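Structural characterization, general
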Amino acid sequence: MNANNSIQALQFFVTGLSNGAFAHLVQGKHFDSMGFKTLGKKYTDHYSEEMGWVEKFMTRINDLGGEVKIEDQKGRELVKDPVEYVKADLAIQEKGVELLYKCMETLKDDPTTYDLMKAYLADEEEDLYWSQEQVEMVEMIGRQNWLYKQL
């Protein structure tokens, strides 16, 4: 097993996922302040879920004898429009799931990390399907009706 390979992959996701999770928290609070309580809760809850994965990844890095890094993260602009945010988040999720599939190939010699990332991938696919469903819903019932459902 190449522990360094696993540590690098896990660190990549610790950094990226903590950044993405924080973006979900900020967006969720923004939507909540606009009165979209359902959508706000979806994203603030998603923040907590994602940070749970970050903690699992950090624990695994430590178990492998690595040292978790606190790395700089790229800032993002707040997306004020709920529909545009769901679409933008969907695009990020699509790339993220594709990246996870590629990452899985590199972790086959570390079954513990592989299983952890496999569980995370399943969770991310579920999030991807939710976002796809929301975009389809906007197209089917219209923007105003979808926004009404997010109150």
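Placed above this text is the structure.
Only a predicted model underlies this, so the values are computations on that prediction, with no experimental measurement involved.

Applying the stated criterion across every chain, the model contains 6 salt bridges. Its salt-bridge partner being Arg60, residue Asp110 comes within 2.9 Å of it at the nearest N-O pair. A residue pair is termed long-range when its members are at least 10 positions apart, and Asp110 in the loop between helix H3 (82-106) and helix H4 (111-141) and Arg60 in helix H2 (residues 37-63) qualify at 50 residues. Note on Asp110: relative accessible area 1%, which makes it buried. Classification of Arg60 as buried rests on a relative accessible area of 12%. With a shortest N-O distance of 3.4 Å, Lys102 and Glu98 are connected by a salt bridge. Linking Lys102 with Glu98, this pair stays in helix H3, spanning 4 residues, or about one helical turn. For Lys102, a relative accessible area of 53% puts it in the exposed group. A residue is classified by how much of its surface remains accessible, and Glu98, at 47% relative accessible area, is partly exposed.

Bringing a nonpolar patch on the surface into the picture now. Together, Phe22, Val26 and Leu78 make up an exposed nonpolar region whose accessible area comes to about 250 Å². In this fold, Val26 is placed in helix H1 (residues 3-33).

Between its first and last C-alpha, H2 extends 39 Å over 27 residues, near the 39 Å set by a 1.5 Å rise per residue. Close packing links the buried residues of H2 with H1, H3, H4 and helix H5 (143-149). Following H2 by one or two positions, Gly65 adopts a phi angle in the positive range, close to 85°.

Each value, and the rule that gives it
- Residues numbered from 1 in each chain as written.
- Predicted model: local features only at pLDDT ≥ 70, side-chain atom pairs only at ≥ 80, totals over all residues.
- Heavy atoms only, no water.
- Salt bridge = Lys/Arg side-chain N within 4 Å of Asp/Glu carboxyl O.
- Helix = DSSP H or I, 4+ residues; strand = E, 2+ residues; numbered from the N terminus.
- Buried < 20%, exposed > 50% of the residue type's maximum accessible area, 1.4 Å probe, protein only.
- Patch = residues over 30% accessible without salt bridge, like charges linked within 9 Å, V, L, I, M, F, W, Y side chains within 5 Å.
- Areas by Shrake-Rupley, 256 points an atom, 1.4 Å probe, with all protein chains shown as cover.
- Expected span 1.5 Å × (residues − 1).
- Contact = heavy atoms within 4.5 Å.

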